[in-house]
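A closer look at the structure
Listed below, chain by chain, are the residues.
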Amino acid sequence: MADHPIRTSDYRDWLKHIKQRVRQAQVKAAVQVNTALLTFYWELGADIVERQKTAKWGSGFLKQLSADLMAEFPDMKGFSYRNVRYIRSWYLFYSEGLANLATACCQITKQVAAQLPKTDSEKNVVPLVAWSESRLIGPQIQLVQIPWSHNLVILSKCQDVAEALYYVNQTIEHNWSRNVLVHQIESGLYQREGKAVTNFAETLPAPQSDLAQQLIKDPYSFDFLTLTKDYNERELEKALTDHITKFLLELGSGFAYVGRQKNLQVGERDFFLDLLFYHTKLHCYVVIELKPGEFEPEYAGKLNFYLKAVDEQLRGEKDEPTIGILLCKSRDRVVVEYALSDIHKPMGISEYQLTRALPENLKPSLPSIEELEAEFGKPESEDKD
């Protein structure tokens, strides 16, 4: 009797479950291999640095080591001279940077301790210094949780250990691909995150206010857009929703797009929100209003009105208070602080940039966006003259 394919739903469900377990096992195995390899790299980097301090093997030491390891392990790509140098640089970058941080922590601890009154039982106790030194192993554990290629990107593009560890942690938390990681570093996420002027500390409870502060950047980078110089609010809004995937990436993790020009009826009038999102980590609606010019104090009042309307009409019983983000082309920080001082709804004000600034020495030699658009927009007859 010939065998027939099993087509029952219970078999298909069981097979689906088996496939998921296989993929999970593959991912787990890959993570374990990566962790073991990078742990070896870290130890190798430490050995290289120590040997270069104590042994007198000459300047060709790393080339000799690379050649000998590649001869013994020809199938491994990690022992090229270039990669061995990266391993050494990677170890030095973090070990020296963390040592400097530890020294700074110790100095601060001693300064604070010197200013505090001490009892006889406390005079010989220095727990904070010991704690600072014991934390040095933590970052190493984080480094081996992301791929080597990600580590090399961070090593090549970050200025110091604090910035580097920020991107290591963000990569772990959000599972960034290498391309996304490069984009986030080049867009200056570390420098922009949590820098907006907000009233969150006064309008939200402590855990919620800290998280909300970190979700807002200043400025936002919209360099994926191409707009003419005299664009208006609606053109900007449409351009962002046309590029919603890139816009969500710039907003950050947790934003779920709800809609554009969301209608809210208050009294006998209709009002329309520029953009409405729901934040899955903060568990609240987020209203984003766009202004192509400079911030004006009345913008805060209107956004406050919108937040009240969303709280009354859309917010559920388990939702946290709605947050507002006002994005302006420019803003005076003092004016913003005055405008937010008596606002009781949580909101933040940030600038946005359509293009990253060019270095001053290149500006005279490169055409502006407007000049390029004008050139490419010419009819053919104009070009023939």
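One structure accompanies this document, and this report is about it. (Residues numbered from 1 in each chain as written. Predicted model: local features only at pLDDT ≥ 70, side-chain atom pairs only at ≥ 80, totals over all residues. Heavy atoms only, no water.)

Our focus in this paragraph is unusual backbone geometry. In this structure, the amide linkage connecting Asp 218 to the following residue, Pro 219, adopts the cis form with an omega of 0°. Looking at the element boundaries, Pro 219 is found in the loop between α11 (206-215) and β2 (220-221). With a phi angle near 55°, Gln 261 is a residue other than glycine that sits in the positive phi range. For His 283, which is not glycine, the phi dihedral falls at a positive 60°. Counting through the fold element by element, His 283 comes out in the loop between β4 (269-279) and β5 (284-294). On the basis of relative accessible area, His 283 is assigned to the partly exposed category, the value being 42%. (Helix = DSSP H or I, 4+ residues; strand = E, 2+ residues; numbered from the N terminus. Buried < 20%, exposed > 50% of the residue type's maximum accessible area, 1.4 Å probe, protein only.)

This brings us to helix α12 (residues 233-242). Where α12 is concerned, the buried positions are Glu 233, Leu 236, Glu 237, Ala 239, Leu 240 and Thr 241. Residues of α12 that are buried make contact with α13 (244-251), β3 (255-266), β4, β5 and β7 (347-353). You can read the cap of α12 off the contacts: a side-chain oxygen lies 3.1 Å from the backbone nitrogen of Arg 234, and it is on Asn 232. (Contact = heavy atoms within 4.5 Å. Polar contact = N/O pair within 3.5 Å; in protein donor to acceptor, adjacent residues only side chain to side chain.)

This part covers empty space enclosed by the protein. All chains considered together, the criterion is met by 1 cavity of 30 Å³ or more. Counted as a void, the largest cavity has a volume near 40 Å³. Lining the largest cavity are Glu 289, Lys 291, Tyr 299, Lys 302, Leu 303, Tyr 306 and Leu 326. Counting residues per element, the ones that place at least two in the lining of the largest cavity are β5 and α14 (297-313). Looking at which element gives the most residues to the lining of the largest cavity, the answer is α14, with 4 residues. Taken together, the residues of the lining of the largest cavity break down into 4 nonpolar, no polar and 3 charged. (1 Å grid on protein atoms, 1.4 Å probe; cavity = no way out; pocket = protein on both sides within 12 Å on 5 of 7 lines; lining within 4 Å. Points joined across faces, edges and corners; volume = space filled by probe spheres on them. Nonpolar A, V, L, I, M, F, W, Y, C, P; charged D, E, K, R; others polar.)

These figures capture arrangement, not role.
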